Amino acid sequence: MNRGQAVAVILLVLSSLCVVSAHHSTTAQFDVTKRMTLVGTLTKVDWVNPHIWVFMTAKGKDGQEAAWKFESNPPAWFRRVGVTRADFVKAIGQTVTVEGNRAKDGSQYGYLVKVIYADGSSLELVPPGAAAP
C-alpha cells in the first residue's frame, strides 16, 4: 500500500467514526420510561435523515407559548409503513396532540411516539414485534 492509499484508508476510517459518534441511542437521550402529552400547533416538519423533526408550539404551565421539537424515525422507516411527508405537512397550522418521551435534560425536546391530528386520525410508532397499546 502506498502513502496515498494509506491516507485514504485513514480518512475513511475517521469519517466512519464521526458518523457513528454522531448517532445516539434513544434511551441515552430521552426518558423512555415516561410519556408526556402536549397539545399545540404544528409549525414545521423537516423530512431529513437520519431522523425527521416535528416542530410545534404549546402553552406551558405558566400559560406562555413555548417552542418544542420532536425527533422521530428516519424518512425511510415512515415510507416503509406508508406514511409520507405530506401526512405531516397537511397538519401544519392545525392543533395536534403529541405524545413523546422528553429529553433527559428537561429541555423542550422529545422523541415523537404518537401524533393525533385535528381530524382525529393518528399515527403511533410501535416497535417491530410490539403490540399497539
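Computed from a predicted model, the values in this text were never measured in an experiment. (Residues numbered from 1 in each chain as written. Predicted model: local features only at pLDDT ≥ 70, side-chain atom pairs only at ≥ 80, totals over all residues. Heavy atoms only, no water.)

**Student:** Any details on the side chain of E99? Residues and values, ideally.
**Tutor:** Here E99 lies in strand β4 (residues 95-102). In terms of polar contacts, E99 uses its side chain to reach the side chain of R35, at 2.6 Å. (Helix = DSSP H or I, 4+ residues; strand = E, 2+ residues; numbered from the N terminus. Polar contact = N/O pair within 3.5 Å; in protein donor to acceptor, adjacent residues only side chain to side chain.)

**Student:** Can you tell me about the environment of A103, naming the residues and giving the values?
**Tutor:** Topologically, A103 is positioned in the loop between β4 and β5 (109-116). The spatial distance from the C-alpha of A103 to the C-alpha of V32 is 9.0 Å, given a sequence separation of 71 residues.

**Student:** An account of the packing of aromatic side chains is requested, with residue identities and associated values reported.
**Tutor:** One pair of aromatic rings is described through two measures. These are the centre distance and the angle between the planes. This structure, assessed with the given rule, holds nine aromatic pairs. Each ring, one from F78 and one from F88, has its centre 5.6 Å from the other, and the planes form 85 degrees; the classification is edge-to-face. With F78 in helix α3 (residues 75-80) and F88 in helix α4 (residues 85-89), this pair connects stretches of sequence that are ten residues apart. Considered together, F78 and F88 belong to a single accessibility category, that of buried residues. Aromatic ring contacts, followed pair by pair, group W47, W77, F78, F88 and Y117 into a single cluster. (Phe/Tyr/Trp six-rings, centres within 6.5 Å; stacked < 30°, edge-to-face > 60°. Buried < 20%, exposed > 50% of the residue type's maximum accessible area, 1.4 Å probe, protein only.)

**Student:** Could you give me a rundown of the confidence of the model for the protein, with the residues and numbers involved?
**Tutor:** Overall, the predicted model of the protein reaches an average pLDDT of 82, with 77% of residues at or above 70. The lowest-confidence element of the protein is helix α1 (residues 3-22), averaging 39 in pLDDT; the highest-confidence one is strand β1 (residues 36-46), averaging 97. Note on residues 4-22: pLDDT is under 50 here. Beyond four places in sequence and across chains, it has two contacts. In the predicted structure, residues 128-133 sits below a pLDDT of 50 and forms three contacts with residues beyond four places in sequence or in another chain. (pLDDT = per-residue confidence, 0-100. Contact = heavy atoms within 4.5 Å.)

**Student:** Tell me about the nonpolar core, residues and numbers included.
**Tutor:** Note on soluble globular proteins: their nonpolar side chains tend to be buried together. Among the nonpolar cores identified, the biggest contains 24 residues, and M56, W68, F70, F78, F88, V96 and V115 are the most heavily contacted of them. By residue number, the principal contributor to this core is β1, which donates four residues. (Core = buried A, V, L, I, M, F, W, Y, C linked by side-chain atoms within 4.5 Å.)

**Student:** Could you give an account of unusual backbone geometry, with specific residues and numbers?
**Tutor:** Following N49, the chain continues to P50 via a peptide bond in cis, the omega torsion being 5 degrees. Following the sequence through the fold, P50 ends up in the loop between β1 and β2 (53-59).

**Student:** I'd like a rundown of the pairing of β1, residues and numbers included.
**Tutor:** The sheet contact formed by β1 and β4 spans six bridges and is antiparallel. For T37, the partnering residue across the bridge sits in β4 and is E99. As judged from the six bridges shared by β1 and β2, these two strands associate in the antiparallel manner. Opposite L42, over in β2, you have M56 as the bridge partner. Joining the antiparallel neighbours β1 and β2 is a turn of six residues. (Pairing = 2+ DSSP bridges.)

**Student:** With reference to specific residues and values, describe the pairing of strand β3 (residues 65-71).
**Tutor:** Bridge analysis of β2 against β3 gives seven bridges, and the strand direction is antiparallel. Each bridged residue has a counterpart across the sheet, and for W53 the counterpart in β3 is E71. Taking the residues that link successive antiparallel strands as the turn, the β2-β3 hairpin has five residues, and the phi of G63 there is positive, at about 85 degrees. Relative to β5, β3 runs parallel, the two sharing three bridges. Paired with E71 across the bridge in β5 is Y111.

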